[in-house]
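Fold and contact review
This is what each chain is made of:
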Amino acid sequence: MITIYGSMASPWAARAVMAAKYKGLAFDMKLPDGGLKSDAYLALNPMGKIPTLVDGEITLPESDIICQYLEDRYPEPALLPATATERNQVRLLSRIVDLYVWPPVSAMLRQMLTKNTDEAKIEAAIAEGCQAIEHLVHFMGPGPYAWSENLTLADCALLPTFFFLDAPLENMNAVRIIDSTPRTADWWAYIRQDAFGGPIVEECAVALEAFRKRFANRQSG
Ligand SMILES: N[C@@H](CCC(=O)N[C@@H](CS)C(=O)NCC(=O)O)C(=O)O
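Fair warning: this is a prediction, and the values are worked out from it, not measured in the lab. In this convention, every chain numbers its residues from 1, walking through the sequence in written order. Totals for whole chains, interfaces and linings use every residue, but because this is a predicted model, local features are given only for residues with pLDDT of at least 70 and side-chain atom pairs only at 80 or more, for both listing and counting. Computation of side-chain values covers all heavy atoms of the structure but excludes hydrogens and water.

1. Looking at a nonpolar patch on the surface
Patch membership requires over 30% relative accessible area and the absence of a salt bridge. Like charges are linked within 9 Å, and nonpolar side chains (Val, Leu, Ile, Met, Phe, Trp, Tyr) within 5 Å. The method behind every accessible area is Shrake-Rupley, applied with a 1.4 Å probe, and residues are considered shielded solely by the protein chains displayed. Think of a salt bridge as a Lys or Arg side-chain nitrogen and an Asp or Glu carboxyl oxygen that are within 4 Å of each other. Taken together, the side chains of Leu113, Phe211 and Phe215 make up a nonpolar region of the molecular surface, amounting to roughly 290 Å² of accessible area. Residue position: phenylalanine 215 is located in helix 9 (residues 197-220). Helical segments are the DSSP runs of H or I of at least four residues, strand segments are the runs of E of at least two, and each set is numbered from the N terminus.

2. Points about helix 9
By definition here, a helix of n residues has an expected span of 1.5 Å times n minus one. Its 24 residues give helix 9 an end-to-end C-alpha distance of 35 Å, which sits within 8% of 34 Å, the value for a rise of 1.5 Å per residue. Accessibility here uses a 1.4 Å probe with only protein chains present; expressed as a share of the type maximum, an area under 20% marks a residue as buried, one over 50% as exposed, and anything in between as partly exposed. Those residues of helix 9 not exposed but buried are Gly197, Gly198, Ile200, Val201, Cys204, Ala207 and Leu208. We call two residues contacting when some pair of their heavy atoms lies within 4.5 Å. Summarising the contacts, the buried residues of helix 9 are in contact with helix 1 (11-22), helix 6 (153-165) and helix 8 (182-193).

3. Here's the deal with the sheet that holds strand 3 (residues 52-55)
Strands qualify as paired when DSSP identifies two bridges or more between them. Spatially, 2-1-3-4 is the arrangement adopted by the four strands of the open sheet, whose pairing is mixed. Strands with a single pairing partner mark the edges of an open sheet, and in this sheet they are strand 2 (27-30) and strand 4 (58-61). Each strand axis lies, on average, 15 degrees off the axis of its neighbour in the sheet, ignoring direction. Pairing geometry for strand 3 and strand 4, over four bridges, is antiparallel. In the sheet register, threonine 52 faces strand 4, and the bridge partner there is proline 61. Strand contacts of helix 1: strand 1 (2-5) and strand 2, with the helix running at about 165 degrees to strand 2, the strand carrying the most contacts. Only C-alpha atoms enter the line fits that serve as axes; for helices the fit covers just the stretch in contact. Angles between N-to-C directions range over 0 to 180 degrees.

If you want it as structure tokens, here you go:
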């Protein structure tokens, strides 16, 4: 049995879960018993972050590496195209999401959690996000998924990131980043009504709401 340490409220864990579900794998998802910084969890993942995947002898941190492992270990149904060139294009999209699209999202989430939000920082993050999207779109395929007619690892990277840009950052109107190009606006509309992607978006929303309630209770308690 595979274990994924994480929660759908984490974009990185959601990405690993999305890949595992697409492959129809049986897995258990849970948060580490003693917390992310417990000795037991740090022995599995010294970075003390989620997700961590445990599959028999294999223990892996880092959502991108977990997804690549799942693709190698459980190749069907495939989350990468058939040719080497196309596989690389898909890997490149995932990398652009990690290195360039996510940082401004993260900056906006930090603003959301501070008492005195800094409008200039929010606008700078939106501008940075729009530029990252422009670069992403340069490499995206014809669609309707991030690459072409099949869902790939690039969609697994993009879905949780766009999820956070939408409802959770509504008060900053961060959806402007998604809507800054027709290709990404269309992709987001498409994936939310997709038979596989739609329920994943819903799971992220439910988990985030539960996380928010727990966080609010801790603040007031
Ligand atoms: N690069 C990592 C990022 C993982 C990450 O930052 N996870 C967050 C949750 S969304 C976490 O565990 N944060 C706890 C911490 O940094 O202490 C990945 O792709 O898996």
